[in-house]
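# Structure assessment
Below are the chains, spelled out letter by letter.
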Number of protein chains: 12
Amino acid sequence: MSHHHTYKKLEMVGTSPNSIEEAIQNAITEIANSVNNLDWFEVTETRGHIINNKVAHYQVTLKIGFRIENS
Amino acid sequence: MSHHHTYKKLEMVGTSPNSIEEAIQNAITEIANSVNNLDWFEVTETRGHIINNKVAHYQVTLKIGFRIENS
Amino acid sequence: MSHHHTYKKLEMVGTSPNSIEEAIQNAITEIANSVNNLDWFEVTETRGHIINNKVAHYQVTLKIGFRIENS
Amino acid sequence: MSHHHTYKKLEMVGTSPNSIEEAIQNAITEIANSVNNLDWFEVTETRGHIINNKVAHYQVTLKIGFRIENS
Amino acid sequence: MSHHHTYKKLEMVGTSPNSIEEAIQNAITEIANSVNNLDWFEVTETRGHIINNKVAHYQVTLKIGFRIENS
Amino acid sequence: MSHHHTYKKLEMVGTSPNSIEEAIQNAITEIANSVNNLDWFEVTETRGHIINNKVAHYQVTLKIGFRIENS
Amino acid sequence: MSHHHTYKKLEMVGTSPNSIEEAIQNAITEIANSVNNLDWFEVTETRGHIINNKVAHYQVTLKIGFRIENS
Amino acid sequence: MSHHHTYKKLEMVGTSPNSIEEAIQNAITEIANSVNNLDWFEVTETRGHIINNKVAHYQVTLKIGFRIENS
Amino acid sequence: MSHHHTYKKLEMVGTSPNSIEEAIQNAITEIANSVNNLDWFEVTETRGHIINNKVAHYQVTLKIGFRIENS
Amino acid sequence: MSHHHTYKKLEMVGTSPNSIEEAIQNAITEIANSVNNLDWFEVTETRGHIINNKVAHYQVTLKIGFRIENS
Amino acid sequence: MSHHHTYKKLEMVGTSPNSIEEAIQNAITEIANSVNNLDWFEVTETRGHIINNKVAHYQVTLKIGFRIENS
Amino acid sequence: MSHHHTYKKLEMVGTSPNSIEEAIQNAITEIANSVNNLDWFEVTETRGHIINNKVAHYQVTLKIGFRIENS
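Residues numbered from 1 in each chain as written. Chains lettered and ligands numbered in written order. Predicted model: local features only at pLDDT ≥ 70, side-chain atom pairs only at ≥ 80, totals over all residues. Heavy atoms only, no water.

## Concerning the relation of the copies chain H and chain A
Of the transformation placing chain H onto chain A, the axial shift is 0.0 Å and the rotation is 120 degrees, giving an RMSD of 0.0 Å. When the rotation and shift are considered jointly, the pair of chain copies conforms to a three-fold rotation axis. Considering only C-alpha atoms, the part of chain H nearest the rotation axis is isoleucine 20 of chain H, at 5.0 Å. Of the residues that chain H buries at the interface, just 15% are likewise interface residues in chain A, meaning the two copies contact each other through different surfaces. (Least-squares fit on C-alpha atoms with pLDDT ≥ 70 in both. Contact = heavy atoms within 4.5 Å.)

Laid out in structure tokens, this is it:
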């Protein structure tokens, strides 16, 4: 039998008023409440909301990959 | 601590014999049975099945975004 | 010998003054005059012509798949 | 001197609570207040807002092409 | 009431030391432990890990579609 | 007069229960019944049908290029 | 009954030792031998063959649209 | 009459010697001199200029969306 | 205060009966009537109109970037 | 000083008369003659040459990533 | 003889535990050891590795352009 | 042992004040100083610099493929 792992990818939108990096970490922190074995992320979209001519929130869409338990 | 929300996106295929709009709504209605706080959708693909030279079903792939509870 | 079907895809532009769905059906109806076994379609582009600030025609590009006879 | 026309494309988001087609027409009607010679449109994105598990608005991004006056 | 099915798509990464086909099947076999009615897959990325100048694992990203129970 | 060839590309979907390579060859074998001078192919999509949690058919979309006779 | 036209798009590769424009025209001239009502083209790829460090042929892939007779 | 808003999107390139976030804000600040109701942005490209092996400026292309006055 | 420039990009379609290069220059010449500081262009689409089996006009879509005055 | 690695990606076309997997391995084996620390690959294109209605060679374009020595 | 420069683009992956900007600079600093006349970069992918639910490294893929010596 | 060739692709930007074709040839001529067996090119981007409302240089990005010596 061949040895192998299997992974799943979830698509999240993390937000932050401060930076793209913080928006990424916020999404990871949130999904870590319900998913184990988080392994990598891929940013697919960077956008944001503008209020009073300032960036109010960065909204970063990312795919988060994790190994399926016992795979 | 910075204030922020986090969102998740699911990918669905809604179908309808009648219209693209109905296929979109059918996917939303179905996922609403198990997910709260549905917020937006993005159409990523429009296709369909042909029977007897008529569109039998529109098949609309869409991503549906929702806010994660308590985020 | 393995059992299998083979399909061909044609690229059409259907038009309609009324709706995207009718433009799709118009392309299918037209190609059905010369091709059998039409099976599915995929929309690849939605555009249109404007006259007097009204949509005069929707122009929907779609790929139409059909099984090759006896394949 | 070679004879030719020149065109410009604007990117708009039309919205409608009812249909994708109405969202397209709403964007065209709005831009017609300030631009002449509207000639064609190209849909680049279809998305929308969900309220109470219903599509509240379709949001259709489209590029609208028009001939530059006297070109 | 119109008759229709609704589908969901999951994004997986299957791996195999042997072939792209086996990596695809491995992802399907794994997700079948927790999801019913698997219907189709779409490959979105093919990559892999190299050890000692040999392909150590193929890593195939695929979307797997399934019909939602009772839809 | 400049010397040149002209080519046409057809879009096919080959299928096979066994492998991606066989699906490609099946499409080529089928189209060779009606077209001469087949020259190259380009894979544009790899997907498949799942039955009982096994890949039942690979469905490989490919463009097949051929030189137009006497061009 | 709504009035409308239907179009078909063919994918060709025109070649020329001299220029991209000539490669485009060569493909159109060739397909005009067997198809009527040619209406527009869209370039999708520009590549070429190099011999002795010179461009030997431009190879321009284009889609050519034509109105279906009597549509 | 259906109630709806209409939006326009402008494409800008903001620059900054310091960070991607500052380049985004610089573009927003500049366009705010001539446009009201700025609502959201979407990053479409991130690039930059290198001088003496250091990033001299980040150049961030973004689309900026705003509601059309009185729409 | 950090020193920086800001740029805007417009999307145009230049046309010419003669060449792709002339279509590009025609768009630039036209927009130069109303915009200063034109700096660069990016071709995003090359298409054209066919009359009597000849290219009647090349239609080249391009984005044209310019520095915003006093930015 | 922050600890980090840096990687470079090369673009290769591996070929094989037998399979996609062998074409991938052939490219890796070849580049291993001149580059160390090969780490991963990403397939970006799968095409091939047809002779006498058979696949004569698979031509697989892949990017191959490797860690830069001492980085 | 026409005057012109020629440029080459390399594809790198820079990494950093701290920020996207630092990952970009790290790739530039590394390649500057072996290449002169670095001129610009283009980010093509932003991803990263997750350890213990924290971003462990940002991995930024970028193309780096430089003028070929004496061109 | 199966017989096969292996190819490498380089990414270049050729420039010319005169035409897209000359920019392509300029890149090929330059790289031919250091690389043998140049075989084909693929244009991936066409842009340029504007000075005084004229195209000052076409900048054509192309991938250039060559067979690896003795492969």
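## Here's the deal with the arrangement of the chains
The two units chain F and chain H never meet; even their closest C-alpha atoms stay 25 Å apart. Separated in space, chain D and chain L share no contact, their closest pair of C-alpha atoms being 15 Å apart.

## A closer look at the interface of chain I and chain D
In this complex, chain I contributes 14 residues to the contact, which on the side of chain D involves 12 residues. When chain I packs against chain D, the two sides together hide about 1,100 Å² of surface, and 53% of this comes from carbon and sulfur. Looking at the side of chain I facing chain D, the largest losses of area belong to Glu11, Val13 and Glu30 of chain I, adding up to 47% of the total buried there. The interface formed by chain I and chain D contains two salt bridges. In this structure, glutamate 11 of chain I and lysine 63 of chain D form a salt bridge, with 3.0 Å as the shortest nitrogen-oxygen distance. If you look at where chain I meets chain D, you find five residue pairs in polar contact (both at pLDDT 80 or more). Put simply, the parts of the chain that give the side of chain I that touches chain D at least two residues each are β1 (6-16) and α1 (20-31) of chain I. Grouping the amino acids of the side of chain I that touches chain D by side-chain chemistry returns five nonpolar, five polar and four charged. Pairing geometry for strand β1 (residues 6-16) of chain D and β1 of chain I, over four bridges, is antiparallel. Bridge assignment links lysine 9 of chain D to a residue of β1 of chain I, and that residue is glutamate 11 of chain I. (Buried area = accessible area lost by both parts, 1.4 Å probe. Salt bridge = Lys/Arg side-chain N within 4 Å of Asp/Glu carboxyl O. Polar contact = N/O pair within 3.5 Å; in protein donor to acceptor, adjacent residues only side chain to side chain. Helix = DSSP H or I, 4+ residues; strand = E, 2+ residues; numbered from the N terminus. Nonpolar A, V, L, I, M, F, W, Y, C, P; charged D, E, K, R; others polar. Pairing = 2+ DSSP bridges.)

## Overview of the interface of chain H and chain A
When the parts of a complex come together, some accessible area is lost, and that lost area is often taken as the interface size. Each side of the interface is counted separately: chain H has 13 residues, and chain A has 13 residues. Interface area for chain H against chain A, summed over the two sides, is near 1,200 Å², with a carbon-plus-sulfur share of 56%. Per-residue buried area on chain H facing chain A is highest for Glu21, Gln25 and Phe41 of chain H; these three make up 45% of the total on that side. Counting every contact that joins chain H to chain A gives zero salt bridges. For the pair chain H and chain A, the interface holds seven residue pairs in polar contact (both at pLDDT 80 or more). Of all elements in the fold, only α1 (20-31) and β2 (38-51) of chain H reach the threshold of two or more residues within the side of chain H that touches chain A. The biggest single contributor to the side of chain H that touches chain A is β2 of chain H, with six residues. Here the residues of the side of chain H that touches chain A sort into nine nonpolar, one polar and three charged.

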